[in-house]
Amino acid sequence: EGKVPVCQFNKMKPTPCLTRVLVTTSLLLVAGLEALVPPDQIAALINFYESMGGENWVNKNNWLSGDPCTPGAQWFGLLGSNSVPCTGDIVKMSFIENNLRGDIPDIFQVFRQTTDFILNGEDSRITGILPPSFFEMPALRTLELRNTLVRGTLPRNIGNASNLVVLKIKHKFGGGVLTGSIPSEIGRLAKLEILAMQNQEFVWAPPELGSLHNLRELNFHRSFYYSLSHQLPGFLCELVNLEALNLAYNNMDGTVPECIGNLTKLSYLSLDSNRLSGTLPPSFGRLTKLIALYLGRNVLKGSLPVDLLRESTTLSTLSLEINNFSGSLPPELGMMTSLQTVGISSNQFSSTLPDEWHSSQLIYFSASNNALEGTIPSWFGSLEVLSRLFLSRNSLSGSIDMVANLSSLVYLDL
């Protein structure tokens, strides 16, 4: 109701879109062929082509010629199940770096069997309001809009897309954004496993997100940065199947809650570049499946999470720069065998460096601007893949002859 028809009909002057549909259908009848794609979908596709500058696409093979699913001559970007050519049901629409430009038309409700819609506007010429009809495709499982300038709000009918598994809307930083509140209806997407909304200007996330118990990835990188400050939302602790959580650059304050330890499946955690304070809760030690941990650029304090360092066999990246962590560097740090990146610069650590180092995979080690003392340990000389070493602005001493053995070293700051 209230929507402009896909192809407006004018008795005196048919629109170009409607004319193309009539011509396409007539040609098929003359050739004795049965249309594979319903007329309303053909009309929607022609509208999409004309709205998105189809004449200038890098690949526009077969568009506006015959039926969109003609065997051997299907329109570029339209696929059937298992990414094979479509045979009447357009199951997948994918347009990646194809020079699309213009406002996305609101015409998708007619695609009743479409499960995947992927649009990557690398050149950022895709504009307009986010079409609510995206969420009226009953079979939709994947919606990805990457590097566009689409703006507006998330529509309340988002909850109608009950089969949605993947929802990714990523804008380039500084481009068009989605604003306003994330509607509570998003909590009805019970099958959702991946929710990624980077570089937006949302007000905040509703508690109904806590009901998405199948969620494996939640990425709100720089999505609330310009809103009023908030604490880490309590609903996070209910998402016990999360494997990746990114809330970096979101102007959050307060402390990291004890219930963060409920997320024992996490392999990636980024709370970087917020205003989080206080100490890390003991429950951090339960996050033993972490591969990458980013907590830099906050005002966190206290000691390193020793239990995590002791129990983890997978941690590859430990990034804690620009905080107020203090005390000794525990020997458990040196006992880890999986570390490749260690960033602890600009804190208040005041001990010696670990006596032993068991990870031969270390590529990056940054501990500058602390209060570290003692001698530079000789184990640095055995790290064959170490490429960057930062130890300046401490009270370290001793010989650095061992760096002569570091054939991969490209940056040294002592």
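In case you missed it, the structure is sitting above this.
Participant: Describe helix α2 (residues 39-51), and please don't skip the residues or the numbers.
Facilitator: Taking 1.5 Å of rise per residue, 13 residues should cover 18 Å, and α2 covers 18 Å from first to last C-alpha, within 8% of that figure. Here α2 has its buried residues at Q41, I42, A43, A44, L45, I46, N47, F48 and Y49. Directly after α2, the chain includes G53, whose backbone phi takes a positive value near 65°.

Participant: I'd like to hear about the state of the cysteines, residue by residue, with values.
Facilitator: Taken as a whole and judged by the stated rule, the model has one disulfide. Linked covalently through their sulfurs, C237 and C259 form a disulfide whose S-S length is 1.8 Å. Between C237 and C259, the disulfide has an S-S torsion of 55° and is therefore right-handed. One end of the pair, C237, is in the loop between β12 (230-231) and β13 (244-246); the other, C259, is in the loop between β14 (252-253) and β15 (268-270), with 22 residues separating them in the sequence. Its relative accessible area of 8% is what places C237 among the buried residues. Using a relative accessible area of 26% as the deciding quantity, one classes C259 as partly exposed.

Participant: Before we move on, could you go through the packing of aromatic side chains and cite the residues and values that matter?
Facilitator: Following the criterion strictly, the structure yields 26 aromatic pairs and no others. Here the aromatic rings of W63 and W75 are separated by 4.8 Å at their centres, their planes lie at 35°, and the arrangement is tilted. Of the two residues, W63 sits in the loop between α2 and β1 (78-79) while W75 sits in the loop between α2 and β1, which places them 12 residues apart along the sequence. Here W63 matches W75 in class, with each residue buried. Considering the side-chain rings of F108 and F134, the 4.4 Å spacing of their centres and the 20° angle between planes classify their relative orientation as stacked.

Participant: Describe in detail the pattern of salt bridges, supporting the description with residues and values.
Facilitator: Side-chain pairs of opposite charge can arise where the charged atoms are in close proximity. Applying the stated rule across the entire model yields nine salt bridges. In this structure, K60 and E55 form a salt bridge, with 3.5 Å as the shortest nitrogen-oxygen distance. The partly exposed category is assigned to K60, whose relative accessible area is 33%. Residues R275 and D253 are paired through a salt bridge, measuring 3.8 Å at the closest nitrogen-oxygen approach. One end of the pair, R275, is in the loop between β15 and β16 (277-279); the other, D253, is in strand β14, and 22 residues separate them in sequence. Of the residues examined, R275 reaches a relative accessible area of 39% and is grouped as partly exposed. Counted as one network, the salt bridges with shared partners bring together E193, R216 and E243.

Participant: Break down the environment of E193 for me, with residues and values.
Facilitator: Here E193 is to be found in the loop between β8 (179-180) and β9 (194-196). On a C-alpha basis, the gap between E193 and N241 in space is 9.2 Å, while along the polypeptide they are 48 residues apart. Apart from residues lying up to four places away in sequence, E193 is in contact with V165, N214, L215, R216 and E217.

The rules behind the values
Each chain carries its own residue numbering, running from 1 in the direction its sequence is written. Two thresholds apply to this predicted model, a pLDDT of at least 70 for residue-level local features and 80 or more for giving and counting side-chain atom pairs, whereas whole-chain, interface and lining totals are computed over all residues. Each side-chain value is derived from all of the structure's non-hydrogen atoms; neither hydrogens nor water enter the calculation. Numbering goes from the N terminus for both helices and strands, where a helix is a DSSP run of H or I of at least four residues and a strand is a run of E of at least two. The span you would expect from a helix comes to 1.5 Å times its residue count less one. Burial classes follow relative accessibility: with a 1.4 Å probe on protein chains only, a residue under 20% of its type's maximum area counts as buried, one over 50% as exposed, and anything between as partly exposed. For the purposes of this analysis, a disulfide is any pair of cysteine sulfur atoms at a distance within 2.5 Å. Only Phe, Tyr and Trp rings take part, Trp by its six-membered ring, and two of them pair if their centres are within 6.5 Å. Stacked means planes under 30 degrees apart, edge-to-face means over 60, and tilted covers everything else. Between Lys or Arg on one side and Asp or Glu on the other, a salt bridge is scored when a side-chain nitrogen of the former is within 4 Å of a carboxyl oxygen of the latter. By the convention used here, residues are in contact when the closest approach between their heavy atoms is within 4.5 Å.

Distances and angles like these do not, on their own, reveal function.
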